[in-house]
Amino acid sequence: MAGRINEEDIASVRERARIDDVVRDYVMLRNAGSGSFKGLCPFHDEKTPSFTVTPARGFYYCFGCGEGGDVINFLMRQQNLGFQEAVQMLADRFGVELRMEDDGSPGQPPGLRKRVLEANEAAQAFFAEQLESAEAVEARRFLHGRDFDRAVAQQFVVGYAPRHGWALHQTLNAQGFTDDVLKAAGLIRDGGRDFFTGRVLWPIRDSAQAVLGFGARRIFDDDRLPAKYINTPESPVYKKSTVLYGLDMARREIGRKQQAVIVEGYTDVMAAHLSGVETAVASCGTAFGDDHARLLQRLMGTQGGLHGEVIFTFDGDKAGQAAALKVFKGDQNFISQTYVAVEPTGLDPCDLRMQQGEAAVRELVARRIPLYQFVMNNIAKSYDLDRADGRLAAAREGAELISAIRDQSLVNQYLRELSGVLGMDLDDVRREAARFGRRSGGGEHAAPPAPEEPAVDPAWPNPNDPALRLERDTLKLMLQHPLTFDAAWNSVQEDDFMHPGYRAVFTLLSSVEFGEGWADQVRASAGNELVAQLVVALLVEPLLREPDETYSLTHTAHLQLLRITREIADLKSKLQRTDPLKDPAGHRAQFAHLTQLEMKRKQLQQVGLA
């Protein structure tokens, strides 16, 4: 469809569409004298009529809430429609052919949109009638298998497309629809065959009840099209990125409840509505996108601040998590608060209704959690949060994701959530976010990228790394002056060494019995060349001073103190992630262990100070 409606045609719509005729569809009007009518305002609750319609001027106004405008404004407000939708709806009703223009050039032929909508309406009636035919037994079996009886099928106007490839084409030709109109509507293919054959069909309507197209599901194994679902191709009235199945049924409730529930399929929409979740809709043939978000935003209102809620019922599998991540990145398109409702068993709303009843579907929506919390939890599940490096990696991934959000107030909220999920200090998470922001920042004044450092074998530690200095100095003391340690190496353990290279050296020297030529035996016993070279480096590297037992004891005490400090940080993180109400025994055990570690740390600190 071209960009805008011809201004003369809009004026014709305003002229032909009598405002009192349109308002009477929604409001009981009574004569108020002087050519005016009064009724109860449809936009706010009132007991005394203050809503006034003046046909001669073509305006309405409510003296109670201040709402007012012309016939187009009324339909937009009452039906939650956009301007073009309202104009098109009135044009269809009052017989005005709209000309679409884009930069002055004509758009689609005049009257084509109206004929396409009429053809779709006729096709809907044809498909619904065919569902009662003898050929449609498999379609009825499909619906019955999902606990949808005949009454439900009629309620949702579910239909069936015959396997005969010309049935719809011939029927609509006989009703006066030309092939050009049927092709434009996407009801027949270029060769003349019906677009849909041998499938269950759902009509996809806009918020004004007009049939825009259809969604169809495969039910026969020998269907020539392998896709489980196919949809109407793009047409003058159908654009998959802007249509939502179920919007015609959910529109009023979405506006009233300020809520929209996004499910993944046609049967899920049916199950949700039958279960009392009357705000359920689904995207058609495409993922939920920015245009869908803007449509829902308009339906729920555009007041400032967070307004209403959008709830996604994603599956708990990887595909569902990926879909949630995509929505999270586009969350700034919502004024609404965004939530996720995931059934722990992995059932979609249709299967959930069949297996556990309609109350379970309502409960699914009621158990919603904020979208950002769902995303953060999934990041946390990808890492071992009992390890400091796992928490750091999770913080970096979360920071990368959060950095894409433009709203600074949301960024701060998400960082607090991330720190709680990971069991990390908020300042540490903020530092990671700041580092990522600096790395990803661009612009003409951005610093040039740092030159890449040459690749280093991870088994060979950097001798200048300050974080590993204590590990290196302690091993130098052990190799060069072993007699300053007791037989158990002052209770040093493998876990006291963070770098795998240093850990391998300590394991090696602990395994060689002390005696004459001990250092040479350690080097000769190395299992690989890297460890042997590292032993040599540690043997020849000079010490800062001549050591004694106190000097070596201080080093090992500090080394163990670092390990205990890491264990305390890990345990505090785990405690922060453990709910004392859900797991009281586990919480008590972790707290007792933390107390023991704190006592050990104090002992080591005293040794280090001594």
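What counts and how
- Per chain, residues are indexed from 1 in the order of the written sequence.
- It should be noted that, the model being predicted, local features are given only for residues of pLDDT at least 70 and side-chain atom pairs only at 80 or more, the latter also being counted only at that level, while totals for whole chains, interfaces and linings use all residues.
- With hydrogens and water stripped out, all remaining heavy atoms of the structure feed into the side-chain values.
- Numbered from the N terminus, helices here are DSSP runs of H or I no shorter than four residues, and strands are runs of E no shorter than two.
- For this analysis, residues touch if any pair of their heavy atoms sits within 4.5 Å.
- Method for areas: the Shrake-Rupley scheme with a 1.4 Å probe, in which residue coverage is limited to the protein chains shown.
- Pairing between strands requires that DSSP locate at least two bridges from one strand to the other.
- Simply put, an axis is a line fit to the C-alpha atoms, just over the touching stretch for a helix, and the angle between two N-to-C directions goes from 0 to 180 degrees.
- One less than the number of residues in a helix, times 1.5 Å, gives the span that helix is expected to have.
- For the exposure calls, accessible area comes from a 1.4 Å probe over protein chains only, and a residue counts as buried if that area is under 20% of its type's maximum, exposed if over 50%, partly exposed in between.
- Note on angle classes: values under 35 degrees are labelled roughly parallel, values over 145 roughly antiparallel, values of 65 to 115 roughly perpendicular, and the remainder oblique.
- Throughout, a crossing is termed right-handed when the near helix is turned clockwise from the far one, and left-handed when it is turned anticlockwise from it by less than a right angle.
- By the convention adopted, Pro, Cys, Tyr, Trp, Phe, Met, Ile, Leu, Val and Ala count as nonpolar, Lys, Arg, Asp and Glu as charged, and the other residues, Gly among them, as polar.
- We define the nonpolar core as a collection of buried residues of types Ala, Val, Leu, Ile, Met, Phe, Trp, Tyr and Cys that are connected through side-chain atoms lying within 4.5 Å of one another.
- Only the six-membered ring of Trp is used, alongside the rings of Phe and Tyr, when aromatic pairs are assigned; centres must lie within 6.5 Å, and planes under 30 degrees apart are stacked while those over 60 apart are edge-to-face, with the rest tilted.
- Geometrically, a lysine NZ or arginine CZ counts as sitting over a ring once it is within 6 Å of the ring centre and also within 35 degrees of the ring normal.

Topic: the overall build of the protein
- Looking only at helices and strands, one finds 25 helices and 18 strands in the protein.
- Summarising the internal contacts of the protein: among those between residues at least 6 apart in sequence, 66% fall at separations of at least 24.
- Total accessible area computed for the protein in this model is approximately 30800 Å², and 50% of it derives from carbon and sulfur atoms.

Side note on the sheet that holds strand S12 (residues 229-231)
- Pairing is antiparallel across the open sheet formed by four strands, whose spatial order is S9-S10-S11-S12. Edge strands, defined here as strands with exactly one partner in the open sheet, are strand S9 (159-161) and S12. Here the average twist between neighbouring strands, direction ignored, is 35 degrees.
- This element, helix H6 (residues 137-144), spans S9, strand S10 (199-205) and strand S11 (211-218) of the sheet and lies at about 65 degrees to S10.
- Along the sheet, helix H11 (residues 266-274) makes contact with S10, S11 and S12, crossing S10 at roughly 65 degrees.

Observations concerning helix H5 (residues 112-130)
- When the terminal C-alpha atoms of H5 are compared, their 27 Å separation across 19 residues agrees well with the 27 Å that a helix rising 1.5 Å per residue should span.
- For H5, the set of buried residues is Leu112, Arg113, Val116, Leu117, Ala119, Asn120, Ala122, Ala123, Gln124, Phe126, Phe127 and Gln130.
- Looking at the buried side of H5, the elements it contacts are helix H4 (83-94), S9, helix H8 (167-174), helix H9 (179-185), S10 and S11.

What to know about the sheet that holds strand S3 (residues 36-39)
- With respect to topology, five strands assemble into an open sheet ordered S2-S3-S4-S5-S6, the strand pairing being antiparallel. The open sheet has two edge strands with one neighbour each: strand S2 (30-33) and strand S6 (68-69).
- Strand direction decides the pairing type here: strand S5 (residues 59-62) and S6, joined by two bridges, are antiparallel. Bridge pairing in S6 places Tyr60 opposite Gly69.

Things to note about the packing of helix H16 (residues 371-381) against helix H17 (residues 388-402)
- Their axes nearest at 9 Å, the elements H16 and H17 cross at an angle of 150 degrees. Viewed along their axes, H16 and H17 adopt a mutual orientation that is roughly antiparallel. Considering the relative orientation of H16 and H17, their crossing is right-handed. For the pair formed by H16 and H17, the contact residues are Val375, Met376 and Ile379 on the first element and Ala394, Glu397, Gly398, Leu401 and Ile402 on the second.
- Looking at side-chain class alone, the contact of H16 with H17 contains six nonpolar, one polar and one charged residues.

A look at the side chain of Ser552
- With respect to the helices and strands, Ser552 occurs in helix H24 (residues 549-576).
- Aside from chain neighbours lying at most four places away, what touches Ser552 is Leu477, Thr484, Phe485, Asn490 and Pro547.

Brief notes about the nonpolar core
- Phe127, Val158, Leu187, Phe196 and Tyr245 are the most contacted members of the largest nonpolar core, which totals 69 residues.
- Once you skip the residues sitting within four places of it in the chain, Val158 turns out to touch Ala128, Leu131, Leu143, Ala153, Val200, Leu201, Trp202 and Met270.
- Among the nonpolar cores identified, the runner-up in size contains 43 residues, and Leu247, Phe314, Ala394 and Met424 belong to it.

Some points on the packing of helix H3 (residues 71-79) against H4
- Between H3 and H4, the least distance of the axes is 9 Å, while the angle of their chain directions is 110 degrees. The orientation of H3 relative to H4 falls into the category roughly perpendicular. Taken as a pair, H3 and H4 cross one another with a handedness that is right-handed. Of the residues in H4, those touching H3 at Val71, Ile72, Leu75 and Met76 are Phe83, Ala86, Val87, Met89 and Leu90.
- Within the contact of H3 with H4, the residues separate by chemical class into nine nonpolar, no polar and no charged.

A closer look at unusual backbone geometry
- Within the chain, Ser34 stands out as a residue other than glycine whose phi angle is a positive 60 degrees.
- According to the relative accessible area criterion, Ser34 is exposed, its value standing at 81%.
- Here the phi dihedral of Trp489 falls at roughly 55 degrees; this positive angle occurs in a residue that is not glycine.

Here we look at the packing of aromatic side chains
- One pass over the structure, following the stated rule, counts 21 aromatic pairs.
- Between Phe43 and Phe51, the ring centres sit 6.3 Å apart and the planes meet at 75 degrees, which makes this aromatic pair edge-to-face.
- Take Phe43: its relative accessible area is 14%, and that puts it in the buried class.
- A residue is classified by how much of its surface remains accessible, and Phe51, at 0% relative accessible area, is buried.
- Seen in terms of ring centroids, Phe288 and Phe312 are 5.1 Å apart; in terms of plane orientation they differ by 85 degrees. Their pairing is edge-to-face. One end of the pair, Phe288, is in the loop between strand S15 (280-283) and helix H12 (290-300); the other, Phe312, is in strand S16 (residues 309-312), and 24 residues separate them in sequence.
- Residue classification places Phe288 among the buried residues on the basis of a relative accessible area of 11%.
- Note on Phe312: relative accessible area 1%, which makes it buried.
- Through successive ring pairs, a cluster of aromatic residues spans Tyr26, Phe43, Phe51, Tyr60 and Phe74.
- Here Arg189 stacks its cationic end above the ring of Phe195, 4.1 Å away from the centre of that ring.

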